[in-house]
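Take a look at the letters that make up each chain.
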Amino acid sequence: GSQGPVVVIIGAGIAGIAAAEKLHKHGFQNIKVLEATGRTGGRIRTERFAKGLVEIGAQWIHGPSPGNPVFELASQFGLLRPDTLLEENQKIKWDDNPSSLQVIYSSAGRKIDPEVMTNITELYNTWVTQVRNFTNADCDPEASVGQFIREKIVHSSQEWDKEQVKMNMALLGALLKVECCVTAAHSMDQVALCPFGEYTMFPGLDCTIPKGFESLVNHMKAPLPEGTVLLNKAVKSIQWNGSFPGSNSHVHPVQVQCEDGDSFVADHVIVTVPLGFLKKRSVDFFSPPLSPRKTQAIKNLGFGTNNKIVLEFEKPFWDSNSTQIQIIWEGESPLTEPKEDMKQNWMKKIAGFVVLEPPEQMGHVLCGFIAGEQSEYMETLTDEEILSTMTDYFRKFTGDPELPPPISMVRSQWHSQPYTGGSYTYVAVGSSGIDVDNLAEPLPTDKEVLKPLQVLFAGEATERNFHSTTHGALMSGWREAQRLVDKYSDLGANVSKTK
Ligand code: 6YU
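Residues numbered from 1 in each chain as written. Predicted model: local features only at pLDDT ≥ 70, side-chain atom pairs only at ≥ 80, totals over all residues. Heavy atoms only, no water.

Student: Explain the overall build of the protein chain residue by residue, including any values.
Tutor: Scanning the protein chain for helices and strands turns up 15 helices and 21 strands. Radius of gyration (C-alpha) of the protein chain: 24 Å, near the 23 Å computed for a compact globule of 499 residues. Overall size of the protein chain, expressed as C-alpha extent along the three principal axes, is 80 × 50 × 45 Å. The long-range share in the protein chain, meaning contacts at least 24 apart out of those at least 6 apart in sequence, stands at 76%. (Helix = DSSP H or I, 4+ residues; strand = E, 2+ residues; numbered from the N terminus. Rg over C-alpha atoms; globule rule 2.2 N^0.38 Å. Contact = heavy atoms within 4.5 Å.)

Rendered as structure tokens:
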């Protein structure tokens with residue numbers, strides 16, 4: 001029979017799988033991972049599309065270099081391209097990325113000189129660097145990134161001539177849409193200024209995993225004994241601070257209730273559900289309820305939407321050497337509010353497109369990014385509506401009224417996923433990194449209790465410096481598993497020994 005503490009992990013995203021894998025490696029024998037959906041991977045999700053694979057969720061290893069555990073695992077498993085492993089690739093910093101080959105189309109149906117964009121991007125990057133240098137000490141807690149950048153725009157624009165003003169405003173508007181996608185915020189006005197620099201980046205030129213990001217999770221879960229991960233097991237509630245009899249007349253402090261009526265007793269539960277799920281459900285999910293401090297953290301932190309619209313074309317209309325397509329809406333300005341009518345204007349929020357490579361293995365595929373309320377509206381449209389909108393859109397930008405429509409599409413709908421409720425976490429105005437730490441704190445908080453560490457919290461949203469990423473999620477799973485490893489090694493007990 002299996003001995004030792006019973007650990008139940010809720011959620012089989014990379015955080016939950018990482019926690020399970022580490023506990024298993026340290027000899028824990030009573031591990032269950034309960035996953036609401038029919039698959040593992042969570043926001044890491046690879047699907048077949050066109051001639052190849054497409055990432056519905058996480059796409060790049062951000063900062064692939066030593067120290068980034070996703071990079072380290074992926075290289076250990078042999079999942080990376082040879083050029084990714086070159087030392088020179090691993091040293092590139094975020095603001096000196098060799099600006100990838102961009103085509104810039106404008107809504108007036110013309111192409112824009114990439115050099116104009118490069119100059120404005122450099123200026124914009126100096127502002128982002130200034131944003132990152134704020135610390136809580138010298139900063140108004142109500143200030144936002146958006147407000148700061150707008151002030152810089154107003155100031156700089158005094159030196160531009162009339163024609164430059166129009167074009168630069170449109171270009172800056174486009175850069176802010178990209179920033180919204182990176183942050184998963186509707187507007188950068190919702191993103192807190194002071195803690196923005198706490199988000200930490202590893203060096204290295206962002207890379208993809210050719211066999212799909214999901215192959216990483218599959219490698220990680222491979223050593224787990226069969227039956228460890230239970231799919232279609234949505235958890236409904238967690239009762240903690242109780243006494244629940246298990247097998248061997250052992251009494252456990254926690255009981256997990258599932259939507260299907262099943263229940264599991266446990267000594268420790270690691271909760272890895274997304275912040276978006278907690279925002280909707282935390283009130284009736286925990287009994288006794290969470291402390292005000294934790295409830296505040298869940299309420300105040302931001303969890304927004306970034307979606308993809310992936311389009312396959314029979315033939316590329318873009319130059320074969322371009323890797324990115326930037327879209328500029330002439331006449332737009334980041335200083336004015338966007339038009340209200342969603343149906344007519346949602347597509348203007350699309351930040352741009354990445355050309356998925358290589359075309360020989362992929363087909364001719366563009367991956368567009370869209371964040372915020374317009375992205376959530378897009379989720380409610382049918383494929384046909386989106387295809388027809390995108391056909392008109394590209395005809396307008398290329399100036400070619402005969403441009404053939406895309407031949408197929410797939411898009412993500414992260415906001416509508418009941419067990420996700422959005423894409424990833426940002427530190428919103430009104431919150432700070434302290435909220436992230438509060439969210440990560442295990443229950444019960446009183447260190448003197450008889451049964452500590454009953455409910456632990458992992459997941460992307462619990463990593464103060466690495467939230468919103470796969471490596472942050474992975475680190476959080478390892479972090480909470482390590483707490484339990486430490487607890488049982490403190491007691492001098494080897495959990496792997498059968499008593
Ligand atoms: C990265 C990237 N990337 C694009 C898009 C998305 C995300 N990320 P999971 O949700 O995976 O797992 C929880 C599980 O729990 C899940 O399976 C649920 O079904 C289950 N569950 C929920 N409720 C349950 C219940 N009641 N019972 C049982 N089970 C339940 N990250 O590294 N590179 O390129 C992208 C991107 C469209 C949606 C991304 C990227 C984010 C990662 O995908 C995400 O963080 C992790 O996968 C989460 O893992 P997890 O295990 O925590 O949760 C200053 C500043 C800030 C700027 N931030 C910049 C960061 C840039 C982020 N980049 C994003 C870009 C893309 C394109």
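Now, onward.
Student: For the pattern of salt bridges, give the residues involved together with the corresponding values.
Tutor: Under the criterion given, the structure shown has 19 salt bridges. Among the salt bridges present, the one from Asp319 reaches Lys111, with a minimum N-O distance of 4.0 Å. Separated by 208 residues along the polypeptide, Asp319 in the loop between β15 (306-313) and β16 (324-328) and Lys111 in the loop between β5 (102-106) and α4 (114-132) bring together distant segments of the chain. Judged by its relative accessible area of 38%, Asp319 is partly exposed. Among the charged side chains, a network of salt bridges with common partners joins Glu463, Arg479, Glu480 and Arg483. (Salt bridge = Lys/Arg side-chain N within 4 Å of Asp/Glu carboxyl O. Buried < 20%, exposed > 50% of the residue type's maximum accessible area, 1.4 Å probe, protein only.)

Student: Quick rundown of the state of the cysteines? Include the residues and the values.
Tutor: One pass over the full model with this rule turns up one disulfide. Cys139 shares a disulfide with Cys194; S-S distance 2.1 Å. Classification of the bridge connecting Cys139 and Cys194 rests on its S-S torsion, roughly -80°, and on that basis the disulfide is left-handed. Pair noted here: Cys139 is in the loop between α4 and α5 (145-157) and Cys194 is in the loop between α6 (162-183) and α7 (214-221), with a separation of 55 residues, a long-range link. Both residues of the pair, Cys139 and Cys194, count as buried. Residue Cys180 stays outside any disulfide, its sulfur separated by 7.0 Å from that of Cys181, the closest cysteine. The buried category is assigned to Cys180, whose relative accessible area is 5%. (Disulfide = S-S within 2.5 Å.)

Student: Could you give me a rundown of α6, with the residues and numbers involved?
Tutor: For α6, built from 22 residues, the straight-helix expectation of 32 Å at 1.5 Å per residue is met to within 8% by its first-to-last C-alpha distance of 31 Å. Taken from the residues just after α6, Ala184 is the one with a positive phi, measuring 65°. (Expected span 1.5 Å × (residues − 1).)

Student: Account for the environment of Glu35, with residues named and values stated.
Tutor: In this fold, Glu35 is placed in the loop between β2 (30-34) and β3 (46-49). Along the backbone, Glu35 and Trp346 are 311 residues apart, and their C-alpha atoms lie at a distance of 33 Å. In this structure the side chain of Glu35 is engaged in a polar contact, spanning 2.7 Å, whose partner is the backbone nitrogen of Ala12. (Polar contact = N/O pair within 3.5 Å; in protein donor to acceptor, adjacent residues only side chain to side chain.)

Student: With reference to specific residues and values, describe the pairing of strand β4 (residues 52-55).
Tutor: Walk down a regular strand and you will see the side chains alternate between the two sheet faces. As defined by bridge partners, β3 adjoins β4 across four bridges and the pair is classed as antiparallel. The residue bridging Phe49 from the neighbouring strand is Gly52, located in β4. What sits between the antiparallel neighbours β3 and β4 is a turn of two residues, in which Ala50 has the positive phi angle 50°. (Pairing = 2+ DSSP bridges.)

Student: Would you mind going over the pairing of strand β10 (residues 254-258) in detail, with residue names and values included?
Tutor: The element β10 is largely enclosed, with a buried count of four among its five residues. Note that strand β7 (residues 235-239) and β10 share four bridges and pair antiparallel. When the sheet's bridge partners are listed, Val235 is paired in β10 with Cys258. Both β10 and strand β11 (residues 263-266) contribute to a ladder of four bridges, which runs antiparallel. Paired with Gln255 across the two strands is Val265, which belongs to β11. In this antiparallel pair of consecutive strands, β10 and β11, the connection spans four residues, and Gly261 shows a positive phi of 95°.

Student: So what about the environment of Pro288? Which residues, and what values?
Tutor: For Pro288, the position within the fold is in the loop between β13 (286-287) and α9 (292-300). The exposure class of Pro288 is partly exposed, given its relative accessible area of 31%. Put simply, Pro288 and Asn241 are 47 residues apart on the chain and 7.6 Å apart in space, counted from C-alpha to C-alpha. Residue contacts for Pro288: discarding those within four places in its chain leaves Trp240 and Asn241.

Student: Tell me what's going on with the sheet that holds strand β19 (residues 408-411), and back it up with residues and numbers.
Tutor: Note: strands within a sheet are paired through backbone hydrogen bonds, in either parallel or antiparallel orientation. Strand order in the open sheet formed by six strands is β5-β16-β17-β18-β15-β19, and the pairing between neighbours is mixed. Every other strand in the sheet has two partners, leaving β5 and β19 as the edge strands with one partner each. Strand-to-strand, the axes of this sheet are offset by a mean angle of 20°, without reference to chain direction. Relative to the sheet, helix α12 (residues 372-379) contacts β15, β18 (364-371) and β19, its axis offset from that of β18 by approximately 120°. (Axes fitted to C-alpha atoms, helices over the stretch in contact; angles between N-to-C directions.)

Student: Describe the packing of α4 against α5, listing the residues and the values that go with them.
Tutor: Following both chains from N to C, one finds α4 and α5 inclined at 135°, their axes separated by 10 Å at the closest point. Viewed along their axes, α4 and α5 adopt a mutual orientation that is oblique. As α4 runs across α5, the sense of the crossing is right-handed. Facing Leu123, Tyr124, Trp127, Val128, Gln130 and Val131 of α4, the residues of α5 in contact are Val145, Phe148, Ile149, Lys152, Ile153 and Ser156. Residues of the contact of α4 with α5, tallied by class, amount to nine nonpolar, two polar and one charged. (Parallel < 35°, antiparallel > 145°, perpendicular 65-115°, else oblique. Left-handed = near helix turned anticlockwise from the far one by under 90°. Nonpolar A, V, L, I, M, F, W, Y, C, P; charged D, E, K, R; others polar.)

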